[in-house]
Amino acid sequence: MDNLIWSVIIIGGGISGYTAGIYTSRANLKTLILEGVNWGGQLMTTDIIENYPGFLDGISGPELMMNMRQQAEKYGSVILSEDVIKIDGYNVYTKNNIYHSKSIIISTGAIAKTIDYPAYDLDGNSLPSNTFWNHGISACAVCDGALPMFRDKPIIVVGGGDSACQEALFLANFGSEITILVRGEKMRASSIMQKRVNDHPKIKVRYLTSITGIYGSVDPKPKLNGVFIDDEKIETSGLFFAIGHSPNTGFLNGQLDLDDHGYILTNNTRTNVSGIFACGDVQDPIYRQAITAAGSGCQAALECEKFLAINSV
Ligand code: NDP
């Protein structure tokens, strides 16, 4: 396979990468998806997606990813579970192989930043710090905020940027009271977002405040009950992180233009290098939704097809 020249190599096996693969392989482009060892992206840890159009009762993240992966393969994409460590022109390097291509689509996603707090049960015994992850703790209000466990209950958002404000405003549609915990003296969010938050009757903001621990019940299954701020105990059914995302762009080693947060700069999925495209969360600091990632995967594939039609001999 080392001597083959692919029409397109898609780096990253999340929703945008598989979507791009479905489109490029259906367009008869010889497509290799290097999906990474931990393929599937952020949706692999999402229990149920209720806002992906077409699934009346929602669909589990892993099921959606399995379906899309199979769909890309069905139309001819070759999928390998290898991590890419660098690119050089249109050559793509994994630990043991070099793959050659005429174009590249990057869809390596982003990871929501989270914090590991000491966790305790209701008797004060220590628990693994990840006990309440997905059982009250989340890093995506739009994905999880409407779940029944948060309805009419107090919710905490950690962060002080636009995301924290946006998440709090969204969560205010469901929770009884939303508290934003800001670690510094002021918020980093734009003034319009801060105004919206401050004007909202259900939202309050606490400054110079950091969580020191979390607690909850474990039987019959884990359930977050609250957080500690030093000696203060605050009841909450939800803890949402909005402390930024880290786009997976380290392997690019300065070869593409990035913004100040490390996201790939794109114009309709085109990067600053001709023939290299980017889609999904790796180039999207704002929307970060399954449906927008899929949409941009389609866009990248169509742009790539256009590029190859003009540039291939
Ligand atoms: P930001 O990097 O802007 O903000 C992160 C926030 O999290 C900061 O307030 C930071 O605090 C806080 N934080 C970081 N680490 C910790 C920690 N360990 N404990 C507690 N707090 C912590 O990220 P966003 O996701 O909010 O925004 C990213 C980009 O996306 C920005 O450019 C933003 O404008 C944009 N965006 C725009 C939206 C819009 O509606 N237009 C919506 C969402 C995002 P500190 O300030 O002390 O460093």
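The structure this text deals with has already been given above.
Residues numbered from 1 in each chain as written. Predicted model: local features only at pLDDT ≥ 70, side-chain atom pairs only at ≥ 80, totals over all residues. Heavy atoms only, no water.

K.L.:
Honestly, the site of the ligand in this entry has me stumped. Any pointers?
P.N.:
Inspection of the region around the ligand gives 15 residues, with Gly160, Asp162, Ser163, Arg183 and Arg188 positioned closest. Within the side chain of Arg188, a nitrogen or oxygen atom sits 2.4 Å from an oxygen atom of the ligand. In terms of residue count, helix α4 (residues 162–171) provides more of the shell around the ligand than any other element does, three residues in total. Here the residues of the shell around the ligand are counted per class, giving five nonpolar, seven polar and three charged. (Near = heavy atom within 4 Å. Polar contact = N/O pair within 3.5 Å; in protein donor to acceptor, adjacent residues only side chain to side chain. Helix = DSSP H or I, 4+ residues; strand = E, 2+ residues; numbered from the N terminus. Nonpolar A, V, L, I, M, F, W, Y, C, P; charged D, E, K, R; others polar.)

K.L.:
How should I be thinking about the environment of Val158 in this particular structure?
P.N.:
Locating Val158 in the fold gives a position in strand β13 (residues 154–158). Here Val158 falls in the buried class, since its relative accessible area comes to 9%. The spacing of Val158 and Arg183 is 25 residues in sequence and 8.3 Å in space, taken between C-alpha atoms. When sequence neighbours within four positions are dropped, the list of residues in contact with Val158 reads Ile115, Tyr117, Leu181, Ile211, Leu239, Phe240, Phe241, Ala242 and Ile243. (Buried < 20%, exposed > 50% of the residue type's maximum accessible area, 1.4 Å probe, protein only. Contact = heavy atoms within 4.5 Å.)

K.L.:
Teacher, can you tell me more about the pairing of strand β16 (residues 213–217) here?
P.N.:
In the case of a regular strand, side chains alternate between the two sheet surfaces. For β16, the tally of buried residues reaches five of five residues, placing the bulk of the element in the interior. Pairing geometry for strand β10 (residues 119–120) and β16, over two bridges, is parallel. Residue pairing in the sheet places Ala119 in a bridge with Ile214 of β16. Relative to strand β17 (residues 223–229), β16 is paired through five bridges, and the arrangement is antiparallel. Residue pairing in the sheet places Gly216 in a bridge with Leu224 of β17. Hairpin connection between β16 and β17: a loop of five residues separates the two successive antiparallel strands. (Pairing = 2+ DSSP bridges.)

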